[in-house]
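What the coordinates show
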Amino acid sequence: MISGIIAGATWALETVILGIALAMTPFVSDEQAIFLAPFVSTFLHDACSALWALLCNTLCGRLPDVWRTLTSKSGKWVVIAALIGGPVGMTGYVLAVSYMGAAVGAIASAIYPAVGSVLAYIFLKEKMKWYQWIFLIGTLLGVLGLSFTPDLSVESFGLGLLGALMCSFGWGIEAVILAKCLKDQDVKDECALQIRQTTSALCYGAVIFPLLGGWSFTADLFTADTAWLLPTVAIAALFATLSYTFYYKAIASIGASRAMALNVTYTAWAMIFTALLLGDFSVLSPMSVLCASIVLICGIFAATDLKKLFPSKL
């Protein structure tokens, strides 16, 4: 339980810091930069995270375990989960943050626990109770209500919502696959994280970038005037690596649905950190707090079996 909460708090910090990087000049200098920013920042983010994970696994002597995991059957499924959670899920998340802002983007993408529960119902035959479906609808209505929040600066709610849906389905599918893989005692969560981040970064570098022509833009970032851009992304990736580490531990110990429900607390943390670190108290308007609360509460209960919590009541 503690691992899941720490995962949420550190992911909120990652969100706010990544939002700062996306607002820097190289990512908003022209139309091409604005278009490529979500993809380039995701690549740099996952590549830095893979390096952080590599450093940790090297110092802890887990590199042989990483290779054994990669060559196992479960390891191959981790690669598939990485391709879905990284290029699809993370790109969608960055789109949401880019077009909605850090706080609103985090809240909008928080529907993924509900989506994950639906996917678990379809593919893993996990039953959803009638009240979970009601909470799922409530989550979606809460996200929709964010578009009517007048005090927030949202560049494009439509594109941000599209990113949030990409993120939710990507992360939901990823969590379901990982839940199966992490049941294998030979698969350590730290090794799975190394495979996940490395696979995502390689996919961006070898497949997506050549299609979008993003390598020249990425190379220019290393000589950009904004000296703090790359260190900022690297710091965001550090918090992301910590978040993933605790998230995977939570999935392995308490299951995908409960882990997602705890991880989604990053929506509340993101609003707090946005206000404290950026001084943007507009995210704490009554309407935004109400919508965030709806998304947070309904998202958690949509992914939770209340009969296990209150067996004598339901």
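So, a few notes on the structure that sits alongside this text. All values derive from a computational prediction rather than experimental measurement.

Right, let's get into the overall build of the protein chain. In terms of regular secondary structure, the protein chain is built from 16 helices and zero strands. For 314 residues, the compact-globule estimate of 2.2 N^0.38 gives 20 Å, and the C-alpha radius of gyration of the protein chain, at 19 Å, lies within 12% of that figure. Expressed along its principal axes, the backbone C-alpha trace of the protein chain runs to roughly 65 × 55 × 30 Å. Counting the 314 residues in the protein chain, one finds 55% classified as buried. Put simply, of all contacts in the protein chain between residues at least 6 apart along the chain, 84% involve residues at least 24 apart. A total accessible area of about 13,800 Å² is found for the protein chain, and carbon and sulfur atoms account for 71% of it. Computed over 16 positive and 17 negative side-chain charges, the inter-centroid distance for the protein chain is 21 Å.

This paragraph deals with the pattern of salt bridges. Evaluated as defined, the whole model comprises six salt bridges. For the salt bridge of K188 with D65, the shortest nitrogen-to-oxygen distance reads 3.0 Å. With K188 in the loop between α9 (157–181) and α10 (189–212) and D65 in helix α4 (residues 63–70), this pair connects stretches of sequence that are 123 residues apart. Among the residues examined, K188 registers a relative accessible area of 37% and is labelled partly exposed. Residue D65 is classed as buried on the basis of its relative accessible area, which comes to 15%. Across the pair E174 and R196 runs a salt bridge, and its minimum N-O distance is 2.7 Å. Pair noted here: E174 is in helix α9 and R196 is in helix α10, with a separation of 22 residues, a long-range link.

Here P26 shows up in helix α2 (residues 25–28). When its relative accessible area of 12% is taken as the criterion, P26 is described as buried. The spacing of P26 and D220 is 194 residues in sequence and 8.8 Å in space, taken between C-alpha atoms.

Before going further, it helps to examine a nonpolar patch on the surface. Together, I5, I20, W269, I272, L276, L277 and L278 give the surface a local cluster of nonpolar side chains, amounting to about 630 Å² of exposed area. For the nonpolar patch, the secondary structure elements donating two or more residues are α1 (2–22) and α14 (266–278). With five residues, α14 is the single largest residue contributor to the nonpolar patch. Position of I20 relative to the elements: it lies in helix α1.

Let's shift gears to helix α3 (residues 31–59). Because each turn of an α-helix spans 3.6 residues, side chains separated by three or four positions in sequence point in the same direction. The terminal C-alpha atoms of α3, which comprises 29 residues, lie 42 Å apart, in line with the 42 Å expected from a rise of 1.5 Å per residue. A maximum bend of about 50 degrees is found in α3 at A37, where proline P38 lies one to four positions downstream. Positive phi shows up at G61, right after α3, with a value of about 70 degrees.

Here is what the cut-offs are and how they apply
- Residues numbered from 1 in each chain as written.
- Predicted model: local features only at pLDDT ≥ 70, side-chain atom pairs only at ≥ 80, totals over all residues.
- Heavy atoms only, no water.
- Helix = DSSP H or I, 4+ residues; strand = E, 2+ residues; numbered from the N terminus.
- Rg over C-alpha atoms; globule rule 2.2 N^0.38 Å.
- Buried < 20%, exposed > 50% of the residue type's maximum accessible area, 1.4 Å probe, protein only.
- Contact = heavy atoms within 4.5 Å.
- Areas by Shrake-Rupley, 256 points an atom, 1.4 Å probe, with all protein chains shown as cover.
- Lys, Arg positive; Asp, Glu negative; His and termini not counted.
- Charge placed at Lys NZ, Arg CZ, Asp CG, Glu CD.
- Salt bridge = Lys/Arg side-chain N within 4 Å of Asp/Glu carboxyl O.
- Patch = residues over 30% accessible without salt bridge, like charges linked within 9 Å, V, L, I, M, F, W, Y side chains within 5 Å.
- Expected span 1.5 Å × (residues − 1).
- Bend = angle between axes of the 7 residues up to and from the residue.

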